[in-house]
Amino acid sequence: MSNFLHIILYAIVPIIVVMAAGYISGKKNIFSAKDGKAFNKVVLDYALPAALFVSIVDANREMLIEDIKLTVISLVVIMACFMGVYFIYAYCFRKQGLGGAEGAIMALVNGSPTIGFLGFAVLEPIFGHTPGVALVVAIVGIVVNAVGIPVGLSLLNSALDKKQASAVLSQGGTVAAAAGGGAAGKSSRPSGWKAVLHALEQPVAWAPILAVIWVVAGIPWPAYLSPSFDLIKGANASMAVFAAGITLSSFKISINWQAILGCILKMVVMPALLLVVGLAFKMGEKNLAMMVIAGALPPAFSGIIIADEYDTYVSTSTSSLALSVILFIGFCPFWIWCTDFCYSHFM
């Protein structure tokens, strides 16, 4: 019980307090949504890459070998959940007027954990400031940013192109005009492959990859270089959580069954599958626990940003994210307990 109290007081309460401060600041117009995007850019382009790089270079080859299993399981399970969310919203809610575009947005939101914003803020107070935490954040972050976002954008673009073509046909246009309209719409939006390349060009993607190459090459990391990274690294968690609060304040929140279903898929199904698959493939206890908690993190804020940019399913996806942030207060200690219980009884 004392361990759970420690988790709540040191890992969850600080997040809620700082996020609430950002939310209130946004509602009072102290900071705008534009400011929130600027803070996010500082986090994603500077603070988070620095945190990932300087933490990973302290690892060794043995740790990387152990993390191969974590990499494969994270990729397969997270992307399976991602596509599962897409198909549920794209095909099971057609009577409610939903389709591929809404499915893609919910996949980008509830099919991805917000590892870049909350990964270090949640995992470090629980598991310590170790290279292992950085590797988990890096691995899951690459899956979300370099795989999930490009796939989601491809699905979103395809659905919007079809919708645009259908609108032309319904208004009496020709098939050629519909195809031309779709092509024009497609050219104005980033393709999946361009999204992949763009994701890999970002510091949050190539910095951990460079750090892994550094470790594999066996090059000693000079300790005197770390303080230069530590200063900006220290802003990562606090600024990310504060910016998340500002982002939430700029969207209208209205809870409905579609938003609640998104929470269930993200906060229950994804960590449960990660736990079951991790146990089946006999992962180490600490890596398993970190992976499950990473999977239980609230939905990705990047999905909300994309929803806003495309003006698609913004209210429901934002409501699902807001509800998940609140529910995480209970789900975080629950999944830690559940992982510990399952590992001790089934391994």
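Residues numbered from 1 in each chain as written. Predicted model: local features only at pLDDT ≥ 70, side-chain atom pairs only at ≥ 80, totals over all residues. Heavy atoms only, no water.

Caption draft 1: Structural view of the packing of helix α13 (residues 285-296) against helix α15 (residues 314-346). It is at 10 Å that the axes of α13 and α15 come closest, and there the two elements cross at 150 degrees. Classed by the angle they form, the pair α13 and α15 counts as roughly antiparallel. As for how α13 packs across α15, the hand of that crossing is right-handed. Across the interface between the two elements, Glu-285, Leu-288, Ala-289, Val-292, Ile-293 and Ala-296 from α13 touch Phe-328, Cys-332, Trp-335, Ile-336, Thr-339, Asp-340 and Tyr-343 from α15. Residue composition of the contact of α13 with α15, grouped by class: ten nonpolar, one polar and two charged. (Axes fitted to C-alpha atoms, helices over the stretch in contact; angles between N-to-C directions. Helix = DSSP H or I, 4+ residues; strand = E, 2+ residues; numbered from the N terminus. Parallel < 35°, antiparallel > 145°, perpendicular 65-115°, else oblique. Left-handed = near helix turned anticlockwise from the far one by under 90°. Contact = heavy atoms within 4.5 Å. Nonpolar A, V, L, I, M, F, W, Y, C, P; charged D, E, K, R; others polar.)

Caption draft 2: Layout of empty space enclosed by the protein. If you walk through the whole model with that rule in mind, you get two cavities of 30 Å³ or more. Counted as a void, the largest cavity has a volume near 50 Å³. Considering every element that reaches the lining of the largest cavity, the biggest residue donor is helix α1 (residues 2-27), with four residues. Across the lining of the largest cavity, the residue classes break down as nine nonpolar, no polar and no charged. Here the second largest cavity is characterised by a volume of approximately 40 Å³. (1 Å grid on protein atoms, 1.4 Å probe; cavity = no way out; pocket = protein on both sides within 12 Å on 5 of 7 lines; lining within 4 Å. Points joined across faces, edges and corners; volume = space filled by probe spheres on them.)

Caption draft 3: Examining the side chain of Lys-266 more closely. In this fold, Lys-266 is placed in helix α12 (residues 257-280). Given a relative accessible area of 0%, Lys-266 falls into the buried group. Within the structure, the side chain of Lys-266 is placed 2.8 Å from the backbone oxygen of Leu-297, a separation counted as a polar contact. Those residues in contact with Lys-266 that lie beyond four places of it in its chain are Asn-110, Ser-112, Pro-113, Pro-271, Gly-295, Ala-296, Leu-297, Pro-298 and Pro-299. (Buried < 20%, exposed > 50% of the residue type's maximum accessible area, 1.4 Å probe, protein only. Polar contact = N/O pair within 3.5 Å; in protein donor to acceptor, adjacent residues only side chain to side chain.)

Caption draft 4: Region of the structure containing a nonpolar patch on the surface. A surface patch of nonpolar side chains, amounting to about 480 Å² of accessible area, comprises Leu-5, Leu-9, Tyr-10, Val-13 and Val-17. Residue position: Leu-5 is located in helix α1. (Patch = residues over 30% accessible without salt bridge, like charges linked within 9 Å, V, L, I, M, F, W, Y side chains within 5 Å. Areas by Shrake-Rupley, 256 points an atom, 1.4 Å probe, with all protein chains shown as cover. Salt bridge = Lys/Arg side-chain N within 4 Å of Asp/Glu carboxyl O.)

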